[in-house]
There are 2 protein chains.
Amino acid sequence: MNELRKDCIIDRWVIIAENRGKRPKDFIQKECEVKEGTCVFCPGNEHLTPKEILSIKGPHGWTVRGFENMYPATSLEFPQAFGRHEVIVEMNQHNKNLQDLAVGAIREVIDMYCSRIDDISKIDGIAYVLIFKNHGDAAGTSIVHEHSQLIALAQVPTLVEKELCAYRKYHDKTKKCIFCDIVAMELASERKIFENEHFACFAPFASRFSFEAWLLPKRHVGNITDLTDEEKNSLAESLKKILTALSKLLHNPPYNYYLHIAPPQEDFHFHIEICPRVTKLAGFELGSEIIINTMPPEKAAAELRALSL
Amino acid sequence: MNELRKDCIIDRWVIIAENRGKRPKDFIQKECEVKEGTCVFCPGNEHLTPKEILSIKGPHGWTVRGFENMYPATSLEFPQAFGRHEVIVEMNQHNKNLQDLAVGAIREVIDMYCSRIDDISKIDGIAYVLIFKNHGDAAGTSIVHEHSQLIALAQVPTLVEKELCAYRKYHDKTKKCIFCDIVAMELASERKIFENEHFACFAPFASRFSFEAWLLPKRHVGNITDLTDEEKNSLAESLKKILTALSKLLHNPPYNYYLHIAPPQEDFHFHIEICPRVTKLAGFELGSEIIINTMPPEKAAAELRALSL
């Protein structure tokens, strides 16, 4: 039976409409086309990208590489759209996906995220650094070579601001962190996907997207940059695990993820929201801001758990 | 130079990022595939749809036909997702688009919208009737035969509630309608696309989508059902005009539109928002709720005006 659900944190509504739902295989899209050779993100073509800002070096050249976006949406030079817009190439190989890397190599991507957040947060006038990833055509990527992006802004993004407001309200009332409470609740629920020593992964109660998954540190920590060394390894392991599971179940689906970190001097609970893009946002979603999700999160979590993560 | 813009009505932010932008031809997608024969919305296959609720009859059978959605997202039978979910087939031809119909035939679609809104609004527990249209794969349609949908809910949708709040706030402060003022402002701006006796069409200041267009009656009227006969004809003419223009410029692009009407007993200004889906919502948009639009509305309006509508 269908059900209208309100997000646990913000005023966001979702219709869980299982009667329109399908088996995981019905969500499988055609494989991403992968072309090598002239890729501007491949080693040897560094001259085709804007100047390198930072890279992590291995014995055979860079393994992770950051530079400004060729067509930045925000820039320190745009008074009306002040910020930064950078690309983080996640690997020197063209044909692999993030989850195919060893945990240590994913950890390097996380280290790059942390470095860039640290550096950019110090720039005068920057209020927020949003790191996100687009994988696959339906998720908005234009270059298949695996990469993340970073957009820094002079304001806290709308969605983060909403989460912060809810966070503060809940804290004022209960003296507790709403995310800590959600982690405890979801790990005991049928929406749990997996947990390891430091991270929890679950399908959120009011999942907007089929097979949506959230990753949160169990410890109350506001920013990815504040994770301990061990926690960062645990995050790399968790990312590999959930992306591998989604890829197995949905055959390399298009997806987005984004990091919600605390703005400077704010208290918050860092988390990553992973959104597979195997269904479309259509007229109802645009016109109502209510999303129809045809895959109940309880069922999605069960399918992912069944892969014996 | 890029520019961060706030919507005129609600707290919605958009980055107008012309430097990432392209010519209209760069937005053209591959043509929609159109298959005839086994289409469940074609005349002769009426037995394949749920029971007809209402149809408009012409000399050769029905011309517009309404029935419940085969997989309803909301239903009078769902206590947790109470509402209605209906389909309105806009024509008996399989291979035409809405704008290819004569103005009189589009007027029949509008009459059907009005009938269904009138009927469903009377049902106990229904707070809102949202009519929307998905055209093309990227806009979320699964059946190419042109149709609209209607989802009625026990609550006013989030986006409409936001517009209503802004409407009331502005009215309290100025004793005027924010939409009436926007119509006057936009018809005098470079974002004007066209106007006729009763309707205004323009690209909104903080357009979320490339070539987004809004249609508003010039007269202050809350619901499509309250338009005069002449105004309804003018709306049909306006819809034909803007959809023809978008189709010419972007070669039958995927698009959504939705009707924002006044909830019962509320004051509001009816309008239709048309959203071409020629770009993707990606990780930044999902994670921030700020949209990057690479086509400045002023340029989009100029391109549409240049078609001499």
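Reading the values: the criteria
Residues numbered from 1 in each chain as written. Chains lettered and ligands numbered in written order. Predicted model: local features only at pLDDT ≥ 70, side-chain atom pairs only at ≥ 80, totals over all residues. Helix = DSSP H or I, 4+ residues; strand = E, 2+ residues; numbered from the N terminus. Rg over C-alpha atoms; globule rule 2.2 N^0.38 Å. Buried ≥ 20, exposed ≤ 12 C-beta atoms within 10 Å, placed from the backbone. Axes fitted to C-alpha atoms, helices over the stretch in contact; angles between N-to-C directions. Parallel < 35°, antiparallel > 145°, perpendicular 65-115°, else oblique. Left-handed = near helix turned anticlockwise from the far one by under 90°. Contact = placed C-beta atoms within 7 Å. Nonpolar A, V, L, I, M, F, W, Y, C, P; charged D, E, K, R; others polar. UniProt positions renumbered as here; feature names shortened; annotations may be inferred. Pairing = 2+ DSSP bridges. Least-squares fit on C-alpha atoms with pLDDT ≥ 70 in both.

A. Spotlight on the overall build of chain A. Helix and strand counts for chain A stand at six helices and 13 strands. What you see for chain A is a C-alpha radius of gyration of 19 Å, in line with the 19 Å of a compact globule of 309 residues. Considering only C-alpha atoms, chain A reaches an extent of 55 × 45 × 40 Å along its principal axes. In chain A, buried positions account for 50% of the 309 residues.

B. Molecular detail of the packing of helix α1 (residues 103-121) of chain B against helix α4 (residues 229-250) of chain B. Residue and element names in this part refer to chain B. The geometry of α1 relative to α4 is characterised by a closest axis approach of 8 Å and an angle of 110° between their N-to-C directions. For the element pair α1 / α4, the angle class is roughly perpendicular. Note on packing geometry: the crossing formed by α1 with α4 is right-handed. Taking contact as the criterion, the partners of Val103, Ile106, Arg107 and Ile110 in α1 are, on α4, Lys232, Asn233, Leu235, Ala236, Glu237, Leu239 and Lys240. In terms of residue class, the contact of α1 with α4 is made up of six nonpolar, one polar and four charged.

C. Layout of the UniProt feature "domain: HIT" (unreviewed entry) in chain A. Annotation from UniProt places "domain: HIT" (unreviewed entry) at residues 178-284 of chain A. Helix makes up 32% of residues 178-284 of chain A and strand 23%. Its end C-alpha atoms lie 30 Å apart.

D. Broad picture of the pairing of strand β4 (residues 61-68) of chain A. Residues and elements named next belong to chain A. For strand β3 (residues 52-58) and β4, the ladder comprises six bridges, and the chain directions are antiparallel. The residue of β4 that forms the bridge with Leu54 is Gly66. The antiparallel pairing of β3 with β4 creates a hairpin that spans two residues between the two strands. Note: β4 against strand β5 (residues 83-89), four bridges, orientation antiparallel. Among the inter-strand pairings, Phe67 is bridged to a residue of β5, identified as Val87.

E. Fine view of the sheet that holds strand β13 (residues 290-293) of chain A. Residues and elements named next belong to chain A. The sheet built from three strands is open, its strands ordered β1-β2-β13 with mixed pairing. In the strand order of this sheet, the two ends are held by β1 (3-6) and β13, each with one partner. Adjacent strand axes in the sheet meet at a mean angle of 25° when their direction is disregarded. Of the pairings in the sheet, the one linking strand β2 (residues 13-16) to β13 comprises four bridges and is parallel in character.

F. Examining the relation of the copies chain B and chain A more closely. If you rotate chain B by 180° and push it 0.0 Å along the axis, it lands on chain A with an RMSD of 0.0 Å. Expressed as an axis order, the relation between the two copies is that of a two-fold axis. Taken as a fraction of all interface residues of chain B, those also at the interface in chain A reach 100%, which identifies the copy contact as same-surface.

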